[in-house]
Amino acid sequence: MDAGPGAAPHPARGRPGAPSSATRAPGAPWARFSAWLECVCVVTFDLELGQALELVYPSDSRLTDKEVGPALWERTSPGEQALTRFPVFQKSSICYLSFPDSHSGCLGDTQFSFRIRQCGGQRHLWHPDDRHGDSGVPVSLQREAAHYFGYVYFRQVKDSSVKRGYFQKALLSLIAPEYFDKLVPCLEAVCSEIDQWPAPMPGQTLNLPVMGVVLQVHIPSRADKPESSPPKQCGHENLLPAPVVLSSVHELDLFRCFQPVLAHVQMLWELMLLGEPLVVLAPSPAVSSEMVLALTSCLQPLKFCCDYRPYFTVHDSEFKEFTTRTQAPPNVVLGVTNPFFIKTLQHWPHILRIGEPRMSGDLPKQVKLKKPSRLKTLDTKPGLYTAYTAHLHRDKALLRRLLKGLQRERPSDLLSALLRRHLLELTQSFIIPLEHYMASLMPLQKSITPWKTPPQIRPFRQDDFLRSLEHSGPQLTCMLKGDWLGLYRRFFKSPHFDGWYRQRHKEMAQKLEALHLEAICEAQNIEIWMKDKSEVEVVDLVLKLRERLVRAQGHQLPVKEATMKRARLYIETVVRSLPMDLQVVLCSP
C-alpha cells in the first residue's frame, strides 16, 4: 500500500518500528492516531550543529538522544493498533535522510521518501480483530516487522537573516505548507483530527477529514480485482465539502517514473524478479525514491521480499554494510543521489543512472545499456550499466503503444494503467504455473479423515515443475518468447521464490488444518471414538480442538462460523465425559 512520496496522510505501506518506553493501549490518548501514523517530526538545519530535531508530535514519544523521526512515519497495513512503540534509530542517519544532499541542489519544496531498518527489536502489535490486520490485505502490501517508511516534505528558501541564506525543514506535504505558515498550533490541530479517524480496514472506503478537506480513500483488499475501480462509498453523496477522491493510496505514476527506461522495463522487471542488487543514481531524492518504489511495485501481485532504500546517503548507519567489498553485494535496491556512490559501489552488478524526468510530446531519450566497465568515477552518463542478458524478448508493441499515446497527449494515468497492466500480466503469467504446481502438492480432501493426523503437503521438486512447463507453462497466457526455463532456474535461487514458497506453504498448511477441523466437526461418532480412548488421548483432543478454535477465531485459519460453533459443542461434549477433577482443570480460565 505504498503512497507516493509526499502524499497526504492516508493508509500506506509503512513499517512497524521498535519498542520504547511508550505504549498506547486501545482507548488511550492517540490510540486512533497510532493506527495511521507513528509520529510527525520537524528537522531543521542549525549552522553550528547541522541537522537537528526541532519538534516531535505527539509529544509523549519520549525520544532519547538516539531516537528521532525526521518526517512522517506511516503505519503498516490497515488496523495495526496499540501497544505501540516509537522508533529507536541513530540520530545522524535519520537527520541526514531528511535532507537532500549537497549534490541535489533542491531549492523550494521537494517531496521524497525513505525506508529505514528499525533498531532495538520489534514492536509488539495489538490487533483487536485480525480482519484489520494482514488477513485481508494483498500479500504484496502486507506489513513488515523490521522497517519504517519515512515521508519527507523539504523546503529550502532564501533567508537573508541566515548566514548561508537558507532555512531548511522537513515535513509531509499536506501538513507542511500550513505548518510553515502557522507552526505548532497547526500541527496539533491536524494530529487531533487524525486521532478521530476510524481504523483503516481492508476493503473499506473511508472519508477522512483533515484541514477542511475530506479525503476519500479505498483501503486495498485481497478481494479487490486487479486494476478495478475502488468501490464507491454509499450514503455520503452530500458530504460538504465534497471529498477529494484518491484513486489509489499506494500506486505511483508508473509511466512518469519509467519514462527514461521504457525500452528496458522488461529487463528491469527481470532484475527485480530475481532480487538482483541494483543502484539507482538520480539527480534528486524525489526522482530516486520514486524510481525505487516504482521498481519494487512492478512485481505485484508478488510480494517484494528484498530490501530496498528509496533514498540512501553516505551518512546512513548501514553504509559500510552495503559498500563492503569483502562479500557479494546484498539483495538491495538502493536509491542514491551522490555521485560518490559510483566509485563506492562500482562492484555492484547493476547500476542505473537517470536524469531529471520530463513530460513532453515526445518520449524522452532512453537510457542505453552499457557494460559496467564503462562506468567512470566522475561524469558518468545516464545508462543502465550491467552485464545481464535478458531471458525474455522485448515487447516492442508495448513501447509503440506508449509512444503513440504520448504523441496523442493521452493522460499520464491512462499510460500508467497500460504499463501497470502489462507488468501485472507478465508477473501473473510467470506465477500461474508455479501456483498450479503448488496446488497439485496439496493432499486430496477425501484423504483427510477425522481421527487421523492429516497427510503432509508433498515437497516442491524443481525438476518436476520444470517438466510441467511443456504443457502448462507461461506460453499459455503470455505471447513473449524467450528462455522461460532459464528465468525459472534463476528465480529458484532468489529471495522472492523463498518468500513466495513460504507464504503459499503456510496458507496451504492452514487450509489443511481447517479441512481437518471440519472433518472432526462433521463426524457423527465422537462418543464411539471416545469409548476405547484413554483420558490422556481425550484431553489431547480437547487441547488440539481449542488451539485450532483460537486460531480460527483470530482469522489465522480459513474456517466457517458454523464449523467453529460445532467445534465448541464438541469440546463441551468431550469435557463432560471426563472425570470431575479433569473437567475443573479444563474449564478453568
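The structure presented is a predicted model; accordingly, all values stated were derived computationally and were not measured.

Novice: Explain the packing of aromatic side chains to me, please; I cannot follow it from the model alone.
Specialist: The geometry of two aromatic rings is summed up by the distance between their centres and the angle between their planes. In this structure the tally under the stated criterion is 27 aromatic pairs. Ring geometry for Phe340 and Phe341: centres 6.5 Å apart, planes at 65°, overall edge-to-face. Each ring, one from Phe491 and one from Phe497, has its centre 5.8 Å from the other, and the planes form 75°; the classification is edge-to-face. Per residue, the accessibility class of Phe491 equals that of Phe497, and both read buried. Grouping aromatic residues by their ring pairs yields a cluster made of Trp269, Phe430, Tyr437, Phe460, Phe465, Tyr488, Phe491, Phe492, Phe497, Trp500 and Tyr501.

Novice: What is the right way to read the pattern of salt bridges from this model?
Specialist: Side chains that differ in sign of charge can pair as their charged atoms come close. Taken as a whole, this structure holds 16 salt bridges when the rule is applied. Salt bridges linked by common partners bring Arg115, Asp307, Arg309 and Glu318 together as one network.

Novice: Any chance you could explain helix α4 (residues 184–194) here in plain terms?
Specialist: An α-helix turns once every 3.6 residues. As a result, residues three or four positions apart point the same way. For α4, the set of buried residues is Cys186, Leu187, Val190, Cys191 and Ile194. One side of α4 carries all its buried residues, which in axial view fall inside an arc of 125°. As for α4, its buried residues are in contact with α1 (31–34), β1 (37–46), β2 (50–57), α3 (176–182) and β7 (205–210).

Novice: Which parts of the structure should I look at to understand the confidence of the model for the chain?
Specialist: Should pLDDT be low for a region, the predicted coordinates there are not to be read in detail. Summary statistics for the chain give a mean pLDDT of 77 and a share of 75% for residues scoring 70 or more. Within the model, the stretch residues 1–23 combines pLDDT values under 50 with 136 contacts to residues more than four positions away or in other chains. With pLDDT under 50 throughout, residues 164–170 is counted as low confidence; its partners more than four residues away or in other chains account for 39 contacts.

Novice: What is the right way to look at the sheet that holds strand β11 (residues 307–309) in this model?
Specialist: Sheet architecture is open: six strands sit in the order β11-β12-β10-β13-β15-β14, paired in mixed fashion. Looking at the sheet topology across the chains shown, the edges are occupied by β11 and β14 (369–370). Across three bridges, the pairing between β11 and strand β12 (residues 332–336) is parallel. Each bridged residue has a counterpart across the sheet, and for Arg309 the counterpart in β12 is Leu334. Packed onto the sheet, helix α7 (residues 285–297) meets β10 (278–281), β11, β12 and β13 (350–353) and runs at close to 160° relative to β12.

Novice: Is there a simple way to explain the nonpolar core in this structure?
Specialist: Nonpolar side chains tend to gather and get buried jointly when the protein is soluble and globular. Among the nonpolar cores identified, the biggest contains 72 residues, and Phe258, Trp269, Phe430, Leu434 and Phe460 are the most heavily contacted of them. At 10 residues, helix α11 (residues 412–440) tops the list of elements feeding residues into this core. Beyond its immediate chain neighbours, meaning those up to four positions away, Trp269 contacts Cys298, Leu299, Leu392, Leu423, Leu426, Thr427, Phe430 and Leu487. In terms of nonpolar packing, the next biggest core, distinct from the first, is built from 26 residues, Ala35, Trp36, Val42 and Leu187 among them.

Definitions and limits used
- Residues numbered from 1 in each chain as written.
- Predicted model: local features only at pLDDT ≥ 70, side-chain atom pairs only at ≥ 80, totals over all residues.
- Heavy atoms only, no water.
- Phe/Tyr/Trp six-rings, centres within 6.5 Å; stacked < 30°, edge-to-face > 60°.
- Buried < 20%, exposed > 50% of the residue type's maximum accessible area, 1.4 Å probe, protein only.
- Salt bridge = Lys/Arg side-chain N within 4 Å of Asp/Glu carboxyl O.
- Helix = DSSP H or I, 4+ residues; strand = E, 2+ residues; numbered from the N terminus.
- Arc of directions from axis to C-beta.
- Contact = heavy atoms within 4.5 Å.
- pLDDT = per-residue confidence, 0-100.
- Pairing = 2+ DSSP bridges.
- Axes fitted to C-alpha atoms, helices over the stretch in contact; angles between N-to-C directions.
- Core = buried A, V, L, I, M, F, W, Y, C linked by side-chain atoms within 4.5 Å.

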